[in-house]
Amino acid sequence: MDITLVQGDITLQAADAIVNAANSSLMGGGGVDGAIHRRGGPEILRECRALRASHYGKGLPTGQAVATTAGDLAARWVIHTVGPVHSRTEDRSALLVSCYRESLRLADELGAASVAFPAISTGIFGWPLDDGARIAIATVRDTPVSVRDVRFVLFEAKAYAAFEAELSR
Ligand code: AR6
């Protein structure tokens, strides 16, 4: 598996699957989630609503992943996963590991060869960037899948630098 880094907007990437840093409601939000729904168009939200009406009546639990169409994005699927909100008193890193692992497993099941990930939880959910990068890279390295190309798409220079440091470790 190749792991590569790109600095930029994940909604402009072409990949089989693009991962969304969603919240349990699956109804959209800010950050990556807002950008994906804006550029991907209403079809994504329609499928999210259908998921809420069927399997995920209470929402998508933290650490899990589910796929929808990618609408107008240059991808076949959006994989929505819910990262943990960072806590200073409770170690929630297993949930962040689970986001990357479950997203990759789902991508594998779908037959995706390339997957683009954002730095899950490191924005609105407050996860420290260095630790978020460490968990992301280690988990992707440790998860055995057929996905060939994993790309981390980092919005800010400091996020790119954190992932670069971790990747070269
Ligand atoms: N492309 C790539 N990375 C981005 C983009 C983009 N277009 N926009 C932001 N980032 P966040 P979270 C970076 O907040 O922390 C939403 O409201 C950002 O700089 O998108 O998991 C959801 O609905 C940061 O490094 O996700 C949830 O309620 C990283 O992506 C909540 O935010 C993740 O930031 C999820 O929070």
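Source: prediction; values computed, not measured. (Residues numbered from 1 in each chain as written. Predicted model: local features only at pLDDT ≥ 70, side-chain atom pairs only at ≥ 80, totals over all residues. Heavy atoms only, no water.)

J.: Explain the pattern of salt bridges to me, please; I cannot follow it from the model alone.
T.: Pairing between side chains of opposite charge can happen when the charged atoms of each approach one another. Taken as a whole and assessed by the stated rule, the structure comprises eight salt bridges. Linking Arg 46 and Glu 43 is a salt bridge whose minimum nitrogen-to-oxygen distance equals 2.7 Å. Highlighted residues: Arg 46 and Glu 43, both in helix H2 (residues 42-53), separated by three residues, approximately one helical turn. Of the charged contacts in the structure, one is a salt bridge between Lys 158 and Glu 156, with a shortest N-O distance of 3.8 Å. Lys 158 gets classed as exposed once you look at its relative accessible area, which sits at 56%. A residue is classified by how much of its surface remains accessible, and Glu 156, at 42% relative accessible area, is partly exposed. (Salt bridge = Lys/Arg side-chain N within 4 Å of Asp/Glu carboxyl O. Helix = DSSP H or I, 4+ residues; strand = E, 2+ residues; numbered from the N terminus. Buried < 20%, exposed > 50% of the residue type's maximum accessible area, 1.4 Å probe, protein only.)

J.: Is there a simple way to explain the nonpolar core in this structure?
T.: A general tendency of soluble globular proteins is for nonpolar side chains to be buried together. In terms of nonpolar packing, the biggest core is built from 33 residues, with Tyr 100, Val 115, Phe 117, Val 140, Phe 152 and Phe 163 touching the most fellow members. Those elements giving two or more residues to this core turn out to be strand S1 (2-7), strand S2 (17-22), strand S4 (77-82), helix H3 (93-110), strand S5 (114-117), helix H4 (129-142), strand S6 (149-154) and helix H5 (157-167). Per-element accounting of this core gives the leading share, seven residues, to H3. For Val 140, the residues in contact, after removing those within four places along its chain, are Met 1, Ile 3, Tyr 100, Leu 104, Phe 117, Val 150 and Phe 152. With 18 residues, the next largest nonpolar core counts Ala 15, Cys 48, Ala 70 and Ala 75 among its residues. (Core = buried A, V, L, I, M, F, W, Y, C linked by side-chain atoms within 4.5 Å. Contact = heavy atoms within 4.5 Å.)

J.: Would you explain the side chain of Ser 98 in this entry?
T.: Within the element layout of this structure, Ser 98 appears in helix H3. A relative accessible area of 19% places Ser 98 in the buried class. Within the local environment of Ser 98, its side chain forms a polar contact with the backbone oxygen of Gly 63, the two atoms lying 2.6 Å apart. Not counting chain neighbours up to four residues away, the residues in contact with Ser 98 comprise Gly 63 and Ser 103. (Polar contact = N/O pair within 3.5 Å; in protein donor to acceptor, adjacent residues only side chain to side chain.)

J.: How should the side chain of Ser 121 be read in this particular structure?
T.: In this structure, Ser 121 sits in the loop between S5 and H4. Residue classification places Ser 121 among the buried residues on the basis of a relative accessible area of 6%. A distance of 2.8 Å separates a polar side-chain atom of Ser 121 from the backbone oxygen of Pro 84. Among residues more than four places away in sequence, those in contact with Ser 121 are Gly 83, Pro 84, Leu 96, Gly 126 and Trp 127.

J.: Quick question: what am I supposed to make of the sheet that holds S2 here?
T.: Strand pairing in a sheet takes place through backbone hydrogen bonds and is either antiparallel or parallel in direction. On the basis of which strands lie adjacent, the open sheet formed by six strands has the order S1-S6-S5-S2-S4-S3 and mixed pairing. Only two strands of the sheet have a single partner each, and these edge strands are S1 and strand S3 (65-69). On average, adjacent strands in this sheet sit at an angle of 25 degrees to one another, irrespective of strand direction. Two strands pair when backbone bridges link them, and S5 and S6 are joined in this way by four bridges, in the parallel orientation. (Pairing = 2+ DSSP bridges. Axes fitted to C-alpha atoms, helices over the stretch in contact; angles between N-to-C directions.)

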